[in-house]
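If you want the building blocks of each chain, they are given just below.
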Amino acid sequence: MVHVLTELTKYLVIILFAVYTLSSFTVLFRKSNPDRENRIFIRQSVCMYVLHFLCHLVIFAVEQKWSIWALYLGEVGLTLVIFLIYRIIYKNADRLIVHHMCMLMLIGFSELARLDLDAALHQFEVAILAVAITAFVPRIVVHAHFIRKLTWLYGVIGILVLGAVLVLGSVTYGAKITFTVAGITLQPSELIKIIFVFFVACRLYRSTAFKDVVITTIAAALHVIILVLSSDLGAALIFFVTYICMLFVATRAPVYLLGGFGIGAVAAFGASKVFNHVKTRVSAWKDPFANIEGGGYQVAQAMFAIGTGGWFGLGLYQGMPETIPVETSDFIFAAIAEEFGGIFAICIILVCLSCFIMLTRVARQIHDVFYQMIALGFGVAYGTQVFLNIGGVIKFIPSTGVTLPFISYGGTSIFCTVVIFAIIQGIYILRHNENEIYVENFDLEQDEVVPVKRNEGGAEEVLRRHMNQSQNTERPRTTKQTAKSAGRGKEQPKKTRRPQITQEEIEGFWDEEKDRVQKTRRKNKRSQTEYEEKW
């Protein structure tokens, strides 16, 4: 009976996840009206919860433990709380990002419950803590403008914490990556990754002059060097790639991109010759079966699992994922591919790709350079981590020992990933607020708001028009001056220097205009929808 149930649920789970994934890209790339999008999100929710239920039904049928249903109800309740937070408190949040976060978390919970019930319970407890704390993060991002002024505080904290791990940290799989505080084991590189992105964003937001770029690069290099000395090369690579991409986007200088990745390639080659555990991983990547009893065992077992699973998988409890080393964290993707199948695994990759696209899209669409850099940094860090994990499992690149966000077991990993996505939601809300302002043009002569095309111009362009109009109003050209200039003929009009506008002036201008628009809206008692309909 259990075997029949497993076979039926195997195909149903694949169909449900395929429908969910296809719906994601429909929302992502096709413009739809709100009603149609709402129907798509409802369809995704149904697929998500039915998939989750079927997995726990099979787990209960095999394990015969009622605690599985208690855990199942808790996981469903947690995702419902997340939906309520981002539908009631933050109405302008990105629903697709919320759905992806919940879907990946539920897949991780289900797989961990199949592999190790205690690990699934611990992961669930950390997820509750993360959701409770990050419920306030989007509001902080929207209203706490002081976070862009703590530049060197971010840098100093990052370097000191990573240095403490280098000196006092515990060795795990050949690298100093964990630190125990009050009986709680943490992986500080995950926490510092968030602070590092804020540090780089603060620096590049203020200046991209060569001198400032050199100072920022030195500080970023210190982070990477400490991680390399700790043998945490996976985290070092994430920090490095994130910084190079942020620097390139901020400066638009290809030399930084090409030079950075050139230096990175040389450093990676050097690491493969210096660090013993890196040598082992490179050898296992080249030919895992040459030393299958030693360093190549992990990769070989992962490849056996993926190959055995095929396209449709063996079904829950029909495979042997426990033979894969570190199957709950670094190599959980191989365990999923064995029992859920290659199609399911590809859908995971596509959902992660969709998350990466959404994060970088937020960075591209927001106009504030500081938040643009933060969204870009988190998007690149997330995409790099997913690539390193899955690439190492399928032998596309050497294994780096990083986790798969939301799915792999690891309290610090899931906590920090939830924080990152909450920050992105805050930036998305800021972008939505920005667009509301850009929908309206500010008439400087009359107390009214004139609808214009969305995102026409930008904050700096509107402020420049504001300053030019103010200068023309304050210093009108007199008739005598005009006649004198016309009579001489040879006299050229005096050239005026184009004013340089700082980011602080732009922010101050928008704060004033926000207040004025709100007062105008209350006065006219007309909603934003009426403005867009009028346009």
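Structural data are supplied above this passage.
Please read these numbers as outputs of a predicted model, since none were measured by experiment.

Draft legend 1. Representation of the overall build of the chain. For the chain, the helix and strand inventory stands at 21 helices and five strands. When burial is assessed residue by residue, the chain has 51% of its 535 residues classed as buried. When contacts within the chain are restricted to residue pairs at least 6 apart in sequence, those whose partners lie at least 24 apart make up 73%. Accessible surface, the chain as shown: approximately 26000 Å² in total, 63% of it carbon and sulfur.

Draft legend 2. Structural context of the nonpolar core. Counting 139 residues, the largest nonpolar core has Phe17 and Ile423 as its most contacted members. Apart from residues no more than four positions distant in its own chain, Ile423 is found in contact with Val137, Val141, Ile194, Phe198, Ile374 and Phe378. Counting five residues, the second largest nonpolar core, distinct from the first, contains Ile238, Leu388, Ile397 and Val402.

Draft legend 3. Representation of the packing of helix 14 (residues 332-340) against helix 15 (residues 342-365). Direction vectors running N to C along helix 14 and helix 15 enclose 135°, while the axes themselves pass 7 Å from each other. Classified by the angle their axes make, helix 14 and helix 15 are oblique. Across from Phe333, Ile336, Ala337 and Phe340 in helix 14, the residues of helix 15 making contact are Gly342, Phe344, Ala345, Ile348 and Ile349. Partitioned by chemical class, the residues of the contact of helix 14 with helix 15 number eight nonpolar, one polar and no charged.

Draft legend 4. Focus on the packing of helix 9 (residues 210-229) against helix 10 (residues 233-251). Packing of helix 9 against helix 10 brings their axes to within 8 Å, and their N-to-C directions diverge by 165°. Relative to helix 10, helix 9 is oriented roughly antiparallel. The chirality of how helix 9 crosses helix 10 is left-handed. In this structure, helix 9 contributes Val213, Thr216, Thr217, Ala220, His223, Val224, Leu227 and Val228 to the contact, and helix 10 contributes Leu233, Ala235, Ala236, Phe239, Phe240, Tyr243, Leu247 and Thr251. Its residues placed into classes, the contact of helix 9 with helix 10 shows 12 nonpolar, four polar and no charged.

Draft legend 5. Broad picture of a nonpolar patch on the surface. Side chains of Tyr11, Trp311, Phe312, Ile346, Leu350 and Leu353 sit close together on the surface and give an oily, nonpolar patch of about 570 Å² of accessible area. Take the nonpolar patch: its biggest share by element is three residues, from helix 15. Its relative accessible area of 39% is what places Ile346 among the partly exposed residues.

Draft legend 6. Region of the structure containing the environment of Val419. Tracing the backbone shows Val419 in helix 17 (residues 411-438). A relative accessible area of 14% means that Val419 is categorised as buried. Counting along the chain gives 284 residues from Val419 to Ala135, while the straight-line C-alpha distance between them is 9.2 Å. Excluding its chain neighbours within four sequence positions, the residues that come into contact with Val419 are Thr134, Val137 and Ile194.

Draft legend 7. Region of interest: unusual backbone geometry. Positive phi, close to 55°, is recorded for Gln64, a residue that is not glycine. A positive phi angle is found at Ser231, which is not glycine, with a value near 65°. Considering the arrangement of structural elements, one finds Ser231 in the loop between helix 9 and helix 10.

Cut-offs and rules
- Numbering of residues starts from 1 in each chain and follows the order in which that chain's sequence is written.
- At least 70 in pLDDT is required for a residue's local features to be given in this predicted model, at least 80 for side-chain atom pairs to be given and counted, and no such filter applies to totals for whole chains, interfaces and linings, which use all residues.
- Water and hydrogen atoms were dropped before computing side-chain values, which therefore reflect all heavy atoms in the structure.
- Secondary structure follows DSSP: runs of H or I at least 4 residues long count as helices, runs of E at least 2 residues long count as strands, and numbering of each begins at the N terminus.
- Categorising residues by exposure relies on relative accessible area from a 1.4 Å probe, with only protein chains included: less than 20% of the type maximum marks a residue as buried, more than 50% marks it as exposed, and the intermediate range marks it as partly exposed.
- What makes two residues a contact is simply this: any of their non-hydrogen atoms within 4.5 Å.
- Areas reported as accessible are Shrake-Rupley estimates using a 1.4 Å probe. Residue values count occlusion only from the protein chains shown.
- As used here, the term nonpolar core means buried Ala, Val, Leu, Ile, Met, Phe, Trp, Tyr and Cys residues forming a set that is joined through side-chain atoms within 4.5 Å.
- With axes taken as lines fitted to C-alpha atoms, and helix axes fitted only over the stretch in contact, angles between N-to-C directions fall between 0 and 180 degrees.
- Roughly parallel refers to an angle under 35 degrees, roughly antiparallel to one over 145, roughly perpendicular to one between 65 and 115, and oblique to any angle outside these ranges.
- Put simply, Ala, Val, Leu, Ile, Met, Phe, Trp, Tyr, Cys and Pro go in the nonpolar bin, Asp, Glu, Lys and Arg in the charged bin, and everything else, Gly too, in the polar bin.
- Here a crossing is called left-handed whenever its near helix is offset anticlockwise from the far helix by less than a right angle, and right-handed whenever the offset is clockwise.
- Candidates for patches are residues over 30% relative accessible area with no salt bridge; among them, like charges are joined within 9 Å and nonpolar side chains (Val, Leu, Ile, Met, Phe, Trp, Tyr) within 5 Å.
- We define a salt bridge as a side-chain nitrogen of Lys or Arg found within 4 Å of a carboxyl oxygen belonging to Asp or Glu.

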